[in-house]
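# Architecture at a glance
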Number of protein chains: 4
Amino acid sequence: MLGLTPAVDRAPDWDVEQWLNTDGPIDLAGLRGRVVALHAFQMLCPGCVSDGLVLAREMHASLGDEVAVIGLHTVFEHHQAMTPVSLAAFVHEYRIEFPVGVDRPSRTGAIPNTMARYQMRGTPSMLLFDRAGDLRAHRFGRVSPLMVGVAVGTLLAEPEPEPGCADGACPIPQA
Amino acid sequence: MLGLTPAVDRAPDWDVEQWLNTDGPIDLAGLRGRVVALHAFQMLCPGCVSDGLVLAREMHASLGDEVAVIGLHTVFEHHQAMTPVSLAAFVHEYRIEFPVGVDRPSRTGAIPNTMARYQMRGTPSMLLFDRAGDLRAHRFGRVSPLMVGVAVGTLLAEPEPEPGCADGACPIPQA
Amino acid sequence: MLGLTPAVDRAPDWDVEQWLNTDGPIDLAGLRGRVVALHAFQMLCPGCVSDGLVLAREMHASLGDEVAVIGLHTVFEHHQAMTPVSLAAFVHEYRIEFPVGVDRPSRTGAIPNTMARYQMRGTPSMLLFDRAGDLRAHRFGRVSPLMVGVAVGTLLAEPEPEPGCADGACPIPQA
Amino acid sequence: MLGLTPAVDRAPDWDVEQWLNTDGPIDLAGLRGRVVALHAFQMLCPGCVSDGLVLAREMHASLGDEVAVIGLHTVFEHHQAMTPVSLAAFVHEYRIEFPVGVDRPSRTGAIPNTMARYQMRGTPSMLLFDRAGDLRAHRFGRVSPLMVGVAVGTLLAEPEPEPGCADGACPIPQA
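Here goes a summary of the coordinates provided. Being a predicted model, the structure only gives us computed values, none of them experimental.

So, on to the sheet that holds strand S3 (residues 67-73) of chain B. All names here are of chain B. Spatially, S1-S4-S3-S2-S5-S6 is the arrangement adopted by the 6 strands of the open sheet, whose pairing is mixed. Each edge of the open sheet carries a strand with a single partner, namely strand S1 (16-20) and strand S6 (135-140). The sheet shows a mean angle of 20° between the axes of neighbouring strands, taken without regard to direction. As paired elements, strand S5 (residues 125-129) and S6 share 5 bridges and run antiparallel to each other. Note on S6: the bridge partner recorded for Phe129 is Leu135. Sheet strands touched by helix H1 (residues 46-62): strand S2 (35-41), S3 and S5. Its angle to S2, the strand with the most contacts, is close to 155°. Contacts between helix H4 (residues 145-157) and the sheet are confined to S2, S3, S5 and S6, with S5 contributing the most and set at about 20° to the helix.

Next up on the list: the layout of surface pockets. The calculated volume of the largest pocket comes to roughly 530 Å³. If you trace the largest pocket, you find 38 residues lining it, with Glu58 and Pro145 of chain C together with Arg142, Pro145 and Leu146 of chain D closest to the centre. Here the residues of the lining of the largest pocket sort into 21 nonpolar, 11 polar and 6 charged.

When chain B is fitted to chain C, the best match, at an RMSD of 0.0 Å, comes from turning it 180° and sliding it 0.0 Å along the axis. With respect to symmetry, the two chain copies, as superposed, fit the operation of a two-fold axis.

Here we come to the relation of the copies chain C and chain D. Taken as rigid bodies, chain C and chain D are interconverted by a rotation of 180° and an axial shift of 0.0 Å, the fit giving an RMSD of 0.0 Å. Of the interface residues in chain C, 100% have counterparts in chain D that sit at the interface too, so the contact is made through matching surfaces.

Across the boundary between the two partners, chain C contributes 20 residues, which contact 20 residues of chain D. Carbon and sulfur atoms supply 78% of the area that chain C and chain D bury against each other, a total of about 1400 Å² over both sides. On the surface where chain C and chain D come into contact, there are 4 residue pairs in polar contact (both at pLDDT 80 or more). Broken down by secondary-structure element, the contributors of at least two residues to the side of chain C that touches chain D are helix H1 (46-62) and helix H4 (145-157) of chain C. Among the elements that line the side of chain C that touches chain D, the one with the most residues is H4 of chain C, at 11 residues. Of the residues in the side of chain C that touches chain D, the class split is 13 nonpolar, 6 polar and 1 charged.

Moving on, we come to the interface of chain B and chain C. Each partner contributes residues to the interface: chain B has 16 residues there, and chain C has 16 residues. For the pairing of chain B and chain C, the buried interface totals around 1300 Å² over both sides, and the portion due to carbon and sulfur atoms is 66%. The largest per-residue losses of area from chain B upon contact with chain C belong to Leu44, Glu93 and Tyr94 of chain B, which jointly make up 39% of the total buried on that side. The tally of links from chain B across to chain C stands at 0 salt bridges. Counting across the chain B and chain C interface gives 4 residue pairs in polar contact (both at pLDDT 80 or more). Contributing elements (two or more residues each) for the side of chain B that touches chain C: H1 and helix H2 (84-93) of chain B. Sorting elements by how many residues they give to the side of chain B that touches chain C places H2 of chain B first, with 6 residues. Among the residues forming the side of chain B that touches chain C, the class breakdown is 10 nonpolar, 4 polar and 2 charged.

Turning our attention to the packing of aromatic side chains. The relation between two aromatic rings is expressed through the spacing of the ring centres and the mutual angle of the planes. Residue and element names in this part refer to chain A. For the structure on display, the rule yields 16 aromatic pairs over all chains. Ring centres 6.1 Å apart and planes at 80° place the aromatic pair Trp14 and Phe129 in the edge-to-face group. A residue pair is termed long-range when its members are at least 10 positions apart, and Trp14 in the segment before strand S1 (16-20) and Phe129 in strand S5 (residues 125-129) qualify at 115 residues. With respect to class, Trp14 is no different from Phe129; both count as buried.

So, how was this worked out
- Residues numbered from 1 in each chain as written.
- Chains lettered and ligands numbered in written order.
- Predicted model: local features only at pLDDT ≥ 70, side-chain atom pairs only at ≥ 80, totals over all residues.
- Heavy atoms only, no water.
- Pairing = 2+ DSSP bridges.
- Helix = DSSP H or I, 4+ residues; strand = E, 2+ residues; numbered from the N terminus.
- Axes fitted to C-alpha atoms, helices over the stretch in contact; angles between N-to-C directions.
- Contact = heavy atoms within 4.5 Å.
- 1 Å grid on protein atoms, 1.4 Å probe; cavity = no way out; pocket = protein on both sides within 12 Å on 5 of 7 lines; lining within 4 Å.
- Points joined across faces, edges and corners; volume = space filled by probe spheres on them.
- Nonpolar A, V, L, I, M, F, W, Y, C, P; charged D, E, K, R; others polar.
- Least-squares fit on C-alpha atoms with pLDDT ≥ 70 in both.
- Buried area = accessible area lost by both parts, 1.4 Å probe.
- Polar contact = N/O pair within 3.5 Å; in protein donor to acceptor, adjacent residues only side chain to side chain.
- Salt bridge = Lys/Arg side-chain N within 4 Å of Asp/Glu carboxyl O.
- Phe/Tyr/Trp six-rings, centres within 6.5 Å; stacked < 30°, edge-to-face > 60°.
- Buried < 20%, exposed > 50% of the residue type's maximum accessible area, 1.4 Å probe, protein only.

See below:
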C-alpha cells in the first residue's frame, strides 16, 4: 500500500556539478540517519512548477530536520534555455530554500548522469531514501501529498541504521 | 513534528444513534488492530465540504484496509436543516462510501454527545487513533494532506497491540 | 462567439413559492432595465456548490446594480432532504447574499415549475436575460467565468429598452 | 464598474525587438477593428505562470478572431536568465500559441521600452485596447476572469471605428 520497496542494494549516489542553497556538496553518506526526499525537476517543466516543487517546498517547510529535501535539476531538453544562470533566477523567484543540485550533463547524450543512473522516466520524479541511504520509493509525475506523507511517516518510523563497517573501516558506536 | 501525542488513557468511544454505509454499528474495539481516522463534519459546513471530506474520501480510496475511515455527523447548529434524511441525500450526492455515524444529540444542549466527549472545537475535526484504540492526534480546521499522511504512516508503523486481557477476560492469542 | 441568442419571444417568468434575502417577490418586469443572471441550483448538488454558486457570489459582489443576480432553488430529487428550512441554513452558512427563490413544486411530477418552463437540463444552470427581459443565454453545467463575463459585458452594452406600452398601459417616458 | 477608461489619446505602440509565434511584426495599426488584449509577463514570474498566462491562453482559445491576444515579454530583472532562447523553450513547454513579442531592452536602464512607455507597475500586467487602438484598461497583478470578460464584452459591443484620415491619407470607406 505504501509504495515502499524493500531495501536491497545500496543506491548509487547522485552526480552533481554545482549546488545552490548550500555551503558545500551534499551526498547520501552525509545524510545517513535522515530520510531523504530527492525532487528531480526541470525549471521549464509545467508539472514540476505546479505540483512537484509545491510539494517539495511544503516538505521542506513542515517536516523538520529528520527529513532532508533535495532538489535536482535534471535537464534533458532545451539545454540552452535552462542553464545554471537561469536556474538561479528561478530558484530565487520561486522562493526555493532547500539545496538544489545541477545534474551533471552526460558527455554522450541528452540525459544527465544522475537521471540515467536512477533510470528516471522524466520530470517531475521523486525518490525517497531511508535513513540508511537505500532507495525505497521512486515516482514519476504527479504524486498525492497524502500518499507521500504516508511513505515518509513509515520511513521515519524505521530505526536508525547501526553504525556499521563500511568502506573497510568499522567505527566505534557512539553512546 | 508529527503532531502525534503519546498514548495515555484509553479514548472514550463515540456515541452514534444511526449509521450509514455500514451493515451494523461500529466501535473502537471492533477496529482494534487498525489505524482509525475519524472525520467529524456537518453537511452544511463549507470547509468540511471543500477540504475535510475531500481528504477523507482520498484516505478511504487510497489507504487500504489497515486504515479505517469513519465519518461522524456532529450537528451543533441548524439542527432542523441537517436531519438524517438530509444527510443521507448528501452522502449519496457527494459519493461518500465510508461509514458515517450520526452523533447522538444531547438531551440538554446543542453539542452532540461524541463531540462533547472528545472536546471538539468545531467542524471539520479529524481524530487519529492508533491500532490499540488510543487517541493520538486531534485537529480542528483545515489540515495538510501531507502532514496527515506522515501521521498515518507513523501510526501504521507501530506494532499491533498484543491481544491482552480486557474487561475481565483474557483471550488465547491466535496463531 | 458570445453564446448569446437573439431576442425573440418574451421569456416566461419564474414561478417561485418563497423568497430568501429579499423583502418581497421579484419578477422579470420589476428588473426591466437591468441585466439578469438567474442561477438555478440544488443545495446538495456538488457542482453547484463548487462552481455555480461561487461564480454567482462573485457576480453579485462585483458587477454592481446594473446586473441583478438571482438564485433559484430547483429541487428535482431528494425533495425531503432539501426543504426550505435546510435551504435557509445553507444560504446562511455559504454566505449567499443575493435573493434566492424556491422554485414551486409541480403538482404532477418531480421537476418544479420554473425548471420545466425554461426546459433546464439539470443543475447548475445559468440563464442570462437582457435589459428588456428577453432570455439571451442558457447554460447547463460548469461555465467559464471569462465567457460569462463576455456575455454580461455585451448585454450591458445594449441600450436600455424604450419604456413602451405593456399590459394595456402606456407610461409617459421619464426625463 | 467595468474598469474601462474613456478613450482619450491614441495609445503609444509597443516596441518589440523579436516576435515568436507569428510570421511578421504586429502593431496596433494592423489590429485596428479588433479588441486587443496585451499580456505583459516574465517567464520566471510565478504569478504570470499561475494566473496571467492561464487567462491569456483561455482568451486566445475561446474568444475568436475579434479579440487579438498578444504576449509581451517584459524583462526587468534577471536579464541573463530570461533570454529569448529561454523564452522560446518556455513558450514551447507551456503551449503558448498566441504571438509573443520581446520588449526591447532599454539602453539606459533595467526597464524595457514598452514597459516604460505604458508605465507598467510590474508583471503580470494586462492592457485592453479598443477597436480603434485606444488603451481602455490597464491592470497589474491577478485579475478576475469574470471582470476581464465583462470588459472585453463591453469593448466588443462598441462600434468599429470609421475608417478615417490618418497619417495624411484619407481612405475611401469600403462598402
